[in-house]
Amino acid sequence: LISSQSATMWMSALFVMATVTYLIYLIWPSEFIGKIATSMVWSATTMGFVGLMVRWRESYLISHDVGHIPVSNLYEVFILFAIITALIYLFYEARTRAKGMGVFVLAVISAAIAFLLWYHFAKGAHEIQPLVPALQSYWMKIHVPANFVGYGAFALAAMLGVAYLLVERAQKRNPQSVFVARMPSLDMLDDVMHKSIALGFAFFTVATVLGAMWAAEAWGGYWSWDPKETWALIVWLNYAAWLHLRLTKGWRGAPLAWWAVIGLFVTTFAFLGVNMFLSGLHSYGEL
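Residues numbered from 1 in each chain as written. Predicted model: local features only at pLDDT ≥ 70, side-chain atom pairs only at ≥ 80, totals over all residues. Heavy atoms only, no water.

### A closer look at the environment of Thr85
Consideration 1: Topologically, Thr85 is positioned in helix H3 (residues 74–96).
Consideration 2: Classification of Thr85 as buried rests on a relative accessible area of 0%.
Consideration 3: C-alpha separation for the pair Thr85 and Val167, spaced 82 residues apart in sequence, amounts to 22 Å.
Consideration 4: Sequence-distant contacts of Thr85, defined by excluding residues within four places in its chain, comprise Val105, Ile109, Gly152 and Leu156. (Helix = DSSP H or I, 4+ residues; strand = E, 2+ residues; numbered from the N terminus. Buried < 20%, exposed > 50% of the residue type's maximum accessible area, 1.4 Å probe, protein only. Contact = heavy atoms within 4.5 Å.)

### Considering a nonpolar patch on the surface
Consideration 1: Taken together, the side chains of Val16, Val20, Leu23, Ile24, Ile27 and Trp28 define a hydrophobic patch exposed on the protein surface, amounting to about 590 Å² of accessible area.
Consideration 2: If you trace the backbone, Leu23 turns up in helix H1 (residues 4–27). (Patch = residues over 30% accessible without salt bridge, like charges linked within 9 Å, V, L, I, M, F, W, Y side chains within 5 Å. Areas by Shrake-Rupley, 256 points an atom, 1.4 Å probe, with all protein chains shown as cover. Salt bridge = Lys/Arg side-chain N within 4 Å of Asp/Glu carboxyl O.)

### Describing the packing of H1 against helix H2 (residues 31–62)
Consideration 1: Taken N-terminus to C-terminus, the directions of H1 and H2 make an angle of 160 degrees; their axes are 8 Å apart at the nearest point. Here H2 runs roughly antiparallel to H1, going by the angle between their axes. Of the two elements, H1 crosses H2, and the hand of that crossing is left-handed.
Consideration 2: Broken down by class, the residue content of the contact of H1 with H2 amounts to 18 nonpolar, 8 polar and 2 charged. (Axes fitted to C-alpha atoms, helices over the stretch in contact; angles between N-to-C directions. Parallel < 35°, antiparallel > 145°, perpendicular 65-115°, else oblique. Left-handed = near helix turned anticlockwise from the far one by under 90°. Nonpolar A, V, L, I, M, F, W, Y, C, P; charged D, E, K, R; others polar.)

### So, the packing of aromatic side chains
Consideration 1: Inspection of every chain in the model, using the stated rule, returns 18 aromatic pairs.
Consideration 2: The interplanar angle of 15 degrees and the centroid separation of 6.1 Å between the aromatic rings of Trp118 and Tyr119 together place this pair among those described as stacked.
Consideration 3: A relative accessible area of 39% places Trp118 in the partly exposed class.
Consideration 4: Ring geometry for Tyr151 versus Phe271: centroids 5.1 Å apart, planes at 25 degrees, classification stacked. Residue Tyr151 is found in helix H5 (residues 139–173), and its partner Phe271 is found in helix H9 (residues 254–277); the two are separated by 120 residues along the sequence. By the burial criterion, Tyr151 is buried, and Phe271 matches it.
Consideration 5: Put simply, the rings of Phe78, Phe81, Phe115, Trp118, Tyr119, Phe148, Tyr151, Phe154, Phe204, Tyr239 and Phe271 pair up and form one aromatic cluster. (Phe/Tyr/Trp six-rings, centres within 6.5 Å; stacked < 30°, edge-to-face > 60°.)

### Focus on the packing of H3 against helix H4 (residues 102–123)
Consideration 1: Direction vectors running N to C along H3 and H4 enclose 165 degrees, while the axes themselves pass 10 Å from each other. Here H3 is positioned roughly antiparallel relative to H4, judged by the angle of their axes. H4 is crossed by H3, and the crossing has left-handed handedness. Within the contact between the two elements, H3 uses Leu74, Tyr75, Phe78, Ile79, Phe81, Ala82, Thr85, Ala86 and Tyr89 and H4 uses Gly102, Val105, Leu106, Val108, Ile109, Ala112, Ile113, Phe115, Leu116, Tyr119 and His120.

Set out below in structure tokens:
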């Protein structure tokens, strides 16, 4: 009835359309437009989830030996990243009723979609391949999803950091501007940014522990200072310091917003850059 590729294409189109719709909502706020934007995100997330489930089934239709959960390569995890980031956003949108955040968060999802489509058409990455021996483990089913809850939450926090900085700048220039009126307050952006980083940090910590246990089983040691492991530690320390300064030193506002934005670049390198530019035990994830 549906193929994983067609579901992924629908997901991609709907996420991009949702980004444009949220932008229209920001320019011309309307409850109807806001509902359409939210519905598009829900629809895109549903299509992405369906695509992953169908891909899982397709892998077993090829061969039982080929069959595996679809979180084994960059193509599959970019779909997972888009889904998880969207779900976290939808949760906070429902809690705060602040749709002005949407265009910023959907922008980073659309960037992931752009990479996904390039990877699909330029590299043929949509083709289902057998798992490499290192990934033939039940640990992958829990380690990778936990990691991407962290990545999704960090990405969302970074985009809210961008929104915070733009709103703060607009307030200084013209407090009565349309942009300021239609965006959430600085306190709300700061609060959601904090909660998102706390959520991501918790899941990233769990994922790191699970990864160490997987490494002990696969390679005989919990830690080997592989580039991926080293950069995972850098990401963990970065957000640990962020939370420490907020919770114990009372830091708020622009400094932490800038830090969240820079943290996204650190996280992106750990997620993607290591696979592109460095080699190691995790080289099976390279482009």
